[in-house]
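Structural overview for review
As a plain string of letters, each chain reads:
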Amino acid sequence: MRVGTSGLQLNEKLIFEHSDPGRRGYSLPALDVRVATLPPELVRTEVPGFPEVSEVDVVRHFTRLSTWNYGVDSGFYPLGSCTMKYNPKVNETAARIPGLAGCHPYTPETLSQGALGLMYGLQTALAEISGFSAVTLQPAAGAHGELAGMLMIRAWHEAKGNKRRKVLIPDTAHGTNPATAALCGYDVVPIASGGSGVLTAETVASFMNDDVAALMVTNPNTLGLFESDIVKICDIVHAGGGLVYCDGANLNALMGIARPGDLGIDAMHFNLHKTFATPHGGGGPGSGPVGVAEKLIPYLPKPMVVKNDQGYGLDFDRPQSIGRLRSFYGNFGIMVRAWAYILTMGGSGLKQASEMAVLNANYIRARLEPVYNLPHKHRSLHEVVFNDANLANDCHTLDVAKRLIDYGYHPPTIYFPLVVKGAIMIEPTETESMETLDEFCDAMLAIARESQENPDLLHAAPTITRVQRLDETAAARQPCLCWNPADFV
Amino acid sequence: MRYIPHTEEDVRQMLAAIGVTSIADLFAEIPAESRLDRPLALPAPLSESELLRDLQSLAAQNATASSQLSFLGGGAYNHFIPSVIDQLISRSEFYTAYTPYQPEISQGTLQAVFEYQTLICQLTGMEVSNASMYDGASACAEAVLMAARATKRKQILLAASLHPEYRETVTTYCQYLGMELIDVPTASSGRIDAAALAGLLGKETAAVVVGYPNFFGIIEELEPIAAAAHVAGALLVTAVAEPIALGLLKSPGELGADIVIGEGQSFGMPVSFGGPGVGFFAAREKLVRSMPGRLIGATRDKNGKRGFVLTLATREQHIRREKATSNICSNQGMCALMASMYLTLLGKNGIREVAQQNLSKATYARSAIAALPGFRLPYSAPMFNEFVVEVEGDVVALLTRLEGQGILGGISLARFWPGMHNRFLVCVTEQHRRQDIDALVAALKGGAA
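Keep in mind that this is a model prediction, so the values were computed, not measured.

Structural notes on the sheet that holds strand S15 (residues 423–427) of chain B
Residue and element names in this part refer to chain B. Here 4 strands make up an open sheet; going across it, the order is S11-S12-S15-S14 and the pairing antiparallel. Bordering the open sheet on either side are strand S11 (375–376) and strand S14 (411–412), each of which pairs with just one other strand. When S11 meets strand S12 (residues 386–391), the two strands line up antiparallel, connected through 2 bridges. Residue pairing across strands places arginine 376 opposite glutamate 390, the latter belonging to S12.

A few points about the domain arrangement of chain A
All names here are of chain A. On domain assignment, one finds that chain A holds domain 1 (91–344) and domain 2 (349–474). Placing the centre of domain 1 and that of domain 2 at their C-alpha centroids yields a distance of 30 Å. The interface of domain 1 with domain 2 comprises 20 residues on the first partner and 19 residues on the second. Its residues assigned to classes, the side of domain 1 that touches domain 2 shows 10 nonpolar, 9 polar and 1 charged.

Focus on the nonpolar core
Membership of the largest hydrophobic core comes to 314 residues, with the highest contact counts inside it found for Met152 of chain A together with Val144, Val209 and Val237 of chain B. Top contributing element to this core by residue count: helix H10 (residues 332–368) of chain A, with 21 residues.

Side note on the environment of valine 305 of chain A
Residue and element names in this part refer to chain A. When you line up the elements, valine 305 lands in strand S8 (residues 304–308). Judged by the 25 C-beta atoms lying within 10 Å of it, valine 305 is buried. Expressed as a C-alpha distance, the spacing of valine 305 and glycine 117, which sit 188 residues apart in the sequence, is 8.5 Å. In contact with valine 305, not counting residues within four places along its chain, are Leu116, Met119, Tyr120, Gln123, Tyr312 and Leu314.

Topic: helix H3 (residues 48–59) of chain B
Here H3 of chain B is 12 residues long and its end C-alpha atoms lie 16 Å apart, about the 16 Å a rise of 1.5 Å per residue gives. For H3 of chain B, every residue scored as buried is listed here: Leu51, Leu55, Leu58 and Ala59 of chain B. One side of H3 of chain B holds all its buried residues, which, seen down the axis, span an arc of 100 degrees. Seen from the open side of H3 of chain B, the exposed residues pointing more than 90 degrees away from its buried face are Ser49, Glu50, Arg53 and Ser57 of chain B. Along its buried surface, H3 of chain B packs onto helix H3 (89–95), helix H4 (98–101), helix H5 (113–130) and H10 of chain A.

Details of the sheet that holds strand S6 (residues 235–240) of chain B
Residue and element names in this part refer to chain B. Taken in spatial order, the 7 strands line up as S2-S8-S7-S6-S5-S3-S4 in an open sheet, and their pairing is mixed. Where the open sheet ends on each side, the last strands, each with one partner, are strand S2 (128–129) and strand S4 (180–184). As judged from the 4 bridges shared by strand S3 (residues 155–159) and strand S5 (residues 205–211), these two strands associate in the parallel manner. In the strand pairing of S5, leucine 158 is matched with valine 209. Those strands touched by helix H8 (residues 164–174) are S3, S4 and S6, and its axis lies near 165 degrees from that of S4.

Quick notes on the rules
Residues numbered from 1 in each chain as written. Chains lettered and ligands numbered in written order. Predicted model: local features only at pLDDT ≥ 70, side-chain atom pairs only at ≥ 80, totals over all residues. Pairing = 2+ DSSP bridges. Helix = DSSP H or I, 4+ residues; strand = E, 2+ residues; numbered from the N terminus. Domains from an automatic or database assignment. Contact = placed C-beta atoms within 7 Å. Nonpolar A, V, L, I, M, F, W, Y, C, P; charged D, E, K, R; others polar. Core = buried A, V, L, I, M, F, W, Y, C linked by C-beta atoms within 7 Å. Buried ≥ 20, exposed ≤ 12 C-beta atoms within 10 Å, placed from the backbone. Expected span 1.5 Å × (residues − 1). Arc of directions from axis to C-beta. Axes fitted to C-alpha atoms, helices over the stretch in contact; angles between N-to-C directions.

Structural data, given as structure tokens:
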């Protein structure tokens, strides 16, 4: 069955274009105290441009907009490195429990034991899953976790009086890695990953010197390959006086199978919105806890959630801490969802999730490898990276991606990692059935045939969406970032 | 496991198609000595009903504004959340989508966030807003770094009355970048000490950062601060932890601010033990290319139909890597959407009316508490919905006594400044009825004893 089809599409204006003076969408109780006033020089007459709409207008507006989106609940979303697994509904219920959602962050510790206990449970479970000695839940997203981890690594060096300036980063890394190293005041030294797609101990040894503070790796890497030299690599970096940071974006391949902390990694962030099934939310909120080895514990952000004689508490007395990275204690609402997921899965379920994620990626690989070019041949873990080298008639990765939309799928990640020209990076996750994978692979193979027989179908795609290919060049050349009636006639 | 669809037969067929005999074969690249040789030590899986029972019992150990009479604010606020928001935000086409990298099937997110950017511009008086950041504190740190980039200067003057957790976050972000952070003292009015500011501003100053309202609830006079900053060639960054205030107060843009950041949790999000909320970030148009974070812009499709895309990505880490304007990748998309829904529902009249109610109720509470023997107000300048109270004796003892009566009376300022052990911060919103405020006042009577 072909999933993608065309149907009734509802148009919808910008909310500002619905506005009509006098409409209202809110209610407030009558004011039961005297009206207070401020000195007139402090007060505005109105918020210019704010809409005036009814509740029905608002409900219909956002409902219609939602139908222009594609989510995991709509269908298969094989976005590589993003782990678009199913987001369990009970987790949404959990995060909305009034005693959790309604607890103020400055509630006395004695009156917030449930929230603190949940955080303690989650950080303890994440430490067990990853093999680290301690975990902070404070970072709001993966890149924020990287910042925490790299600041801790820098603080460790500073405490030893080390003036090291450089951070080694393989060219397969996410862009956040070099950007984070720069934010910690380090210079980035890119390492070419070489033909096999895997970082070798010899390569790392050739780059290691007295000026290197750290190596940032991703494991499994963004080609979906396990860095099989990782233990030797960690030994080399440690022997040279440096530390190893791991981008944990791809932890979904390893749960219950191998633990980064056991392999010699010193710090790693988790993406709760990837591995632990919390929703991506159209771009966030995420949550990026960080696990660290024993030697980095003094530098963890403050406060830390601790267990003491009175129950659970917040420890602010951490003189060597890197400080705080944001207000309060992290994205608690996301932690609730991740904790609900871990309790539902248990240790055995998490291992099964990793196994089935790897099985699914390898199944897609087996079905598509005869037709699509596979630049790296090592055994794949949770994702597989093809490219467009086998396609004819001026058909490229972007065209395959857009044509997949016509077939009813969200495209894979494209043109990343940068080391694969025309990369098509597919991560199915464990929550997809064999039937779904078969339908998707059939679509991919049909598109490859279309590229031979009727390439215009690829070049014109997508054709059954509400809007077709958008002019991104014009958007960047003359940015229109804010509604203004004059621009929207 | 109900989230994993594979049957044993599926697994057998898939392994055969791959050409291996067991699941273990798929992990052959992981050396045996690197593998975990025991099961994870985690609790056994729970059914849905068991899970909810466990979580309910945790929730029952927390106090909330429903179980207690709460006057806690300080950067996280208890405002009414219309039912529409949770109903709409539960549309899973929104919350199970990723970042809108494929615009043809992400127009819902893209148009909604474009509307969010517009609402933030209108509220702050700025010309451009990004698609949101983690929270107010990290947005403040990003604003400081942006000001340093834009001015090519490294000194930042931070009002001592800035939210202390914003101040700490700025310190964390700046610690290895050669920045100089200087605190500007607070005058007896509760506003920034203008004379001290004038003395500190110089040709090295990149930015002045002030809260609006500040952490003590006080409304700063932004115009003279902006003028002084601009004479020195510095930028004015205003940090808005309680943006409901902007429904009533003149916008920072109108008063001369260059960058306006803040926390949007007040716009339809629960306090949720401090997150997730949404950091908003807006600036003058001329600064747009040094802004951090995602931006959404309007464009046309190939048939001329209006649509929206992520734009100006050459500032961002996935293109510019170590030369990017920030390392941030995600935004708080869902929370930005909630803020849009809230602001749209309230609209031009509602945002003003809810702000007016906050001001009026807080003013009522402030006067009543000030009239109590043993209590005084240390700051004289106008406030919005929070105010500092000074008491004879120990604040912690006072607040603990109130807890026994089911009242969370405020935040001890000793939490942030040990010297302020006799001061606490009270927040009053539209959620408080007159009788609630009267109950607080009655409970406070008698002081710490």
